[in-house]
Amino acid sequence: MRMISKPAEMVLSASSLVQYKHNLALSAMQNVSPRGPAVATRLAAIRRYREAWAFSTLQLTAGPLACFIAQHDAQLCRLQFIPFVGSLIGLLAGSELKLWCAPSPIRGLEAKTWSWGLRTLALEPQQGVVDLSRGVAVVCGIGTVDPRDPECHVLALCSSGNVTHHPMAARPVLSINAPQKHVYELALRGDMFSVTFDDAFTGTVTQLYNWREGMLMKEFTAPSTDWVHHSVLLDDRTLIISSSNHLRVHVLDYAGDHSSTVPPTVAPAYILRLPGDDYSCTTVMQMTCNESSAAADRAGLFQPDPDATLLSIRFGVTCNVFHTCHHGTRRWREYFLFIPRLTLLSRLKSTKPAPAGQSTELQWEEWSDEASVLLRVRHDAFTADTLLRTSFLGSRFALAIDSLQEDPPPYVRHIDVYIFDAHLNARPDGPECDRAREHASRYFNFGPTDDDSRAGGSCFPAARVSLPYRLLHKEFVSEERDQRVFFESTRVVMLDDGVALLRENNDPVAMQNIVTSCCMFSV
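We now turn to the structure provided with this report. Since the structure is predicted, the reported quantities are computational estimates derived from the model, not experimental observations.

## Side note on the overall build of the protein chain
A count of helices and strands for the protein chain gives seven helices and 35 strands. Here the protein chain, with 523 residues, has 54% of them falling under the buried criterion. At a minimum sequence separation of 6, the contacts of the protein chain that also span at least 24 residues come to 60%. As displayed, the protein chain offers around 23400 Å² of accessible surface, 52% of which is attributable to carbon and sulfur atoms.

## Looking at the pattern of salt bridges
Close approach of charged atoms allows side chains of opposite charge to pair. Going through the model one piece at a time under the given rule, you end up with 14 salt bridges. Across the pair D131 and R134 runs a salt bridge, and its minimum N-O distance is 4.0 Å. E504 is paired through a salt bridge with R491; the nearest N and O atoms lie 3.2 Å apart. Note that E504 is positioned in strand β34 (residues 498-507) and R491 in strand β33 (residues 488-495), a separation of 13 residues in sequence. The network of salt bridges with shared partners includes D131, R134, D191 and R212.

## Overview of the sheet that holds strand β15 (residues 203-210)
Strands belonging to one sheet form pairs held by backbone hydrogen bonds; the direction of such a pair is parallel or antiparallel. Judged by pairing direction, the sheet is antiparallel, and its four strands sit side by side in the order β13-β14-β15-β16 without closing on themselves. A strand with exactly one partner marks an edge of an open sheet, and here the two such strands are β13 (183-189) and β16 (215-221). Each neighbouring strand pair of the sheet contributes to a mean axis angle of 20 degrees, computed without reference to strand direction. Relative to strand β14 (residues 192-199), β13 runs antiparallel, the two being bridged by six bridges.

## A word on the environment of R189
Inspection of the secondary structure assignment puts R189 in strand β13. For R189, a relative accessible area of 11% puts it in the buried group. Put simply, R189 and L233 are 44 residues apart on the chain and 6.5 Å apart in space, counted from C-alpha to C-alpha. Once residues within four sequence positions are removed from consideration, R189 is found in contact with L233, L234, D235, D236, C289, E291 and R341.

## So, helix α2 (residues 39-54)
The first and last C-alpha atoms of α2 sit 22 Å apart over 16 residues, in line with the 22 Å expected at 1.5 Å per residue. Of all the positions in α2, only R42, L43, A45, I46, Y49, A52, W53 and A54 are classed as buried. Among the residues trailing α2, S56 stands out with phi positive, at a value near 55 degrees.

## Structural notes on the pairing of strand β27 (residues 386-393)
Of all eight residues in β27, seven are buried; the element is thus mostly enclosed. Bridging between β27 and strand β28 (residues 396-405) involves eight bridges; their strand directions are antiparallel. Bridge pairing links S391 to A398 in β28. Linkage of β27 to β28, two consecutive antiparallel strands, is achieved through a turn of two residues, within which G394 is found at a positive phi near 60 degrees.

## Remarks on the sheet that holds strand β32 (residues 469-480)
Read across the sheet, four strands follow the order β27-β28-β29-β32 without closing on themselves; strand pairing throughout is antiparallel. With partners counted over all chains shown, the strands left at the sheet margins are β27 and β32, one partner each. The sheet shows a mean angle of 15 degrees between the axes of neighbouring strands, taken without regard to direction. Pairing between β28 and strand β29 (residues 411-422): 10 bridges, direction antiparallel. In the strand pairing of β29, Q405 is matched with V412. Strands β28, β29 and β32 of the sheet are contacted by α2, whose axis makes an angle of about 65 degrees with β32.

## Digging into the state of the cysteines
Here, disulfide denotes a covalent bond that connects the sulfur atoms of two cysteines. According to the stated counting rule, one finds one disulfide in the structure shown. The partner cysteine of C140 in its disulfide is C152, sulfur to sulfur 2.0 Å. Between C140 and C152, the disulfide has an S-S torsion of 105 degrees and is therefore right-handed. Placement of C140 in strand β9 (residues 136-143) and of C152 in strand β10 (residues 150-157) is noted, with a sequence separation of 12 residues between them. Here C519 stays unpaired: no disulfide links it, and the sulfur of C518, its closest cysteine neighbor, is 6.1 Å away.

How each quantity is defined
Residues numbered from 1 in each chain as written. Predicted model: local features only at pLDDT ≥ 70, side-chain atom pairs only at ≥ 80, totals over all residues. Heavy atoms only, no water. Helix = DSSP H or I, 4+ residues; strand = E, 2+ residues; numbered from the N terminus. Buried < 20%, exposed > 50% of the residue type's maximum accessible area, 1.4 Å probe, protein only. Contact = heavy atoms within 4.5 Å. Areas by Shrake-Rupley, 256 points an atom, 1.4 Å probe, with all protein chains shown as cover. Salt bridge = Lys/Arg side-chain N within 4 Å of Asp/Glu carboxyl O. Pairing = 2+ DSSP bridges. Axes fitted to C-alpha atoms, helices over the stretch in contact; angles between N-to-C directions. Expected span 1.5 Å × (residues − 1). Disulfide = S-S within 2.5 Å.

The structure is reproduced here in C-alpha cells:
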C-alpha cells in the first residue's frame, strides 16, 4: 500500500501547482516569481481572476480613477487625456503628466501614479509609449519655448513614483524633424523605438531610433500620393509598415549586438498582401501591437503573458475601383484582423527568404489564415449617431458601440462594450460567451455572408475565426438632461484587468478635450 500511496501523495501534492499553471495558460497569464504566497493562494487568486473574465462578472464601478479625476477637479485642475501605448492611462494635469496604473485586488496590486513636471522641460506632450517591465517611457510632443520641431524624451519610471530622464540614454531628448509638428504613432521594443509622422512633401515618415545610443538607425519614407501609413515593432528586429494593398516587413540585420552604434542593414524582407484583386483598394486604418507589461515593483501574484500579444489591423476594402478609394459606399467593407505576434513571426521565419535585394511575397491566405480572427463591421447597423471605439492590449481587445439618443430630454447615452480575449489556450465555450456573441452579431460578422459575394464578388474576404477566443458583453447606460452631452465623447481604454470609459467634454474656449468623469469594468 505504501508503494502505491506514495506516488498518489506526490501527484496530489503537485496537483495545486499543475492546476495553477493550467489556469495561468487558460488566462494568458504567467507566474511572476516562485517566492511569495503559497501555490494554494495563487491558485485561488487565478481561479477568481479567470472566473471574472469567463463568466462576465466584471464589476462596473466609479473606481479609483474617478476619485483621481474628482480630486483634480476639486483643485480646479483640468485633466486632458494623452494617448499612451502600454498598460496605463496618461493624463495631463496642468503642468504635470500623470501616468496612472489601475489597481488589481485579486492580483495584489494597488493603484500607482507616476508624475512628471513639464514646466521646467517646456514640453507640450502629444502621446507616449511605455514598457513598464523595463521602467522606460518615451514621450513625444512640441517644445513650448522652441516649437520648431517635435521632441521625444526618454524617461525612467522610478519605483518612488517620480519620473526622470533615463540615465542610460545617451541623448534623453531627441529632436524629430517633423514638418507638420505632430507625431501620430509610437512603438517601443527593447532598445528600439519608432516614430511616425507626416511630411507634406515626402509623405509619411517612420524613423527608427536606438534610445540607449540616442541614434537614428533608419528612416522609411512612403510616397505622398499614398495613404497614411502605420508602423509597429513585432520585436526589436522586425518592423512592419502598412501601405496600399500590402504590409512591408523590414528585418534589421546587425553586424554585432543590436545595441551597437553601427546602424543595421535594413531590407524589406517580406511583403504581406492584403485582401482584394486588381480592381480593389485596401487601406490600413489602424495597426497596433500593444504589449502588456508590469513594473518590477508591482508585478503582483501573476501578470499578463507578453507572448500572447496580438497584432491588430483595422482595414477597409473597396471593390471595383478604377480611380480612387471611396469609403462608405456599398462597395466598401471594414474589417478587423487579430493574429498572435509570435504566430506571425514564426510564419515569417519558416518562409524561405528571397535572394539578396529582393522581397519574399506572401499572399493574404498564406499569412493570415493560421490562428487568427477576422471580423467584418456591419455598417448597415450603424446610425449617424453611432460611433465605433476601439482599444487593444496584450491578448485582449475592446470594441465599443457608442450611441446617443437625441430625443427630447433625458438624453440617453448607450455604450455596448465587447471584450475579446483571443489566444491559443482560450476556452470559447459557455452560455455567457454565446450570449455575448449573439449580441455582437448585430454589429459584426463572425463568418461568411451572401452579402459579401453579391457586393464585391471575390474581392471581399469572408469573416472567419481560427483562433480560440472568449467574448464578454458589458453595457453602460446613462441619462443626461444637459445639452452639453452633445459636445461630449467617450474614450475606451483597455487595461490589464478591465476596461475604462473616460468621458471628455470639448472646451471651445481652450480648444481642448477635458476629461470630466470615468467608470470602469474590472475584476
